[in-house]
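Close look at the chain arrangement
Listed below are the residues making up each chain.
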Amino acid sequence: MDVKTGFFYLFSVLLLFAAFRVITARNPVHAALYLVLAFFQAAAIWILLKAEFLAITLVLVYVGAVMVLFLFVVMMLDINMDSLRKDFWKHFPLAGMIGALIALEMAAVLMGGFRDPPKVKLNVADVVAAQSGTAPAVAQISNTKELGKLLYTEYLYPLEIAAVLLLVAIIAAIALTLRQRKDSKYVDPADQVRVRAADRMRVVKVDPTKPVAASAASTGSKPENALNATAPEGKRA
């Protein structure tokens, strides 16, 4: 077994483990992180199959954008998992039927893909051109480069429209998850902007000590009497 085959089996085992943990993890955040791991393993397998564009697209689009948004929404929703697990066994038969149906469909598609490919009739002119060396060098053409040319020339406007739709979807998802919580304090930013310095704090001048004469005058007695009142009995004047 060569190194490439060993890496293929390694990435496949990690992919199956991550996919299994996605559906068995109790915490949705952990399930999303395992899904990120599964995407990385699938991208590595595509690189082994020389599909570099699909691998980079999977990492950039799904891991870099979709999964980050998914984690952001899951953390903001603050889902109560205990309430979701109450009706798990109630809906388990329907979920099992749907899962079995999907498994049968995937098995039918995969088993059909392993059959003998249809025979292609070759044109004599193409065979002669390939043998003489006049046929175009298909191996030297980069699929990623040609796809990039089409996206940013002929399909530039559809690409921009798709980008705007994704931006609107992100803003809508964030707006839907912004629910006001009772246990959190909220201050309107507009009120903070319109506030004045005089409304924030008022400085009041307070004397550090109160004179004795002023206190005595307010009570109608002399300062000496006030001093005698505060002195001990054996030392009064």
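In this report, the structure presented in the accompanying data block is examined. (Residues numbered from 1 in each chain as written. Predicted model: local features only at pLDDT ≥ 70, side-chain atom pairs only at ≥ 80, totals over all residues. Heavy atoms only, no water.)

What follows is about the pattern of salt bridges. All chains considered together, the criterion is met by one salt bridge. For R194, the salt bridge is made with D191, and the minimal N-O distance between the two is 2.9 Å. Within this pair, R194 and its partner D191 are both found in helix α9 (residues 189-194), separated by three residues, close to a single helical turn. What makes R194 exposed here is its relative accessible area of 59%. Since its relative accessible area comes to 43%, D191 is described here as partly exposed. (Salt bridge = Lys/Arg side-chain N within 4 Å of Asp/Glu carboxyl O. Helix = DSSP H or I, 4+ residues; strand = E, 2+ residues; numbered from the N terminus. Buried < 20%, exposed > 50% of the residue type's maximum accessible area, 1.4 Å probe, protein only.)

Right, let's get into the packing of aromatic side chains. Within this structure, the stated rule accounts for four aromatic pairs. Seen in terms of ring centroids, F17 and Y34 are 6.1 Å apart; in terms of plane orientation they differ by 85°. Their pairing is edge-to-face. Taken together, the positions of F17 in helix α1 (residues 3-24) and Y34 in helix α2 (residues 28-48) put the pair 17 residues apart, joining distant regions of the chain. Between F39 and Y62, the ring centres sit 5.5 Å apart and the planes meet at 50°, which makes this aromatic pair tilted. In this pair, F39 is assigned in helix α2 and Y62 in helix α3 (residues 52-77), connecting sequence segments 23 residues apart. Owing to a relative accessible area of 41%, Y62 belongs among the partly exposed residues under this scheme. (Phe/Tyr/Trp six-rings, centres within 6.5 Å; stacked < 30°, edge-to-face > 60°.)

Phi at K50 is positive, roughly 65°, even though this residue is not glycine. Position of K50 relative to the elements: it lies in the loop between α2 and α3. Classification of K50 by relative accessible area gives exposed; the value is 65%.

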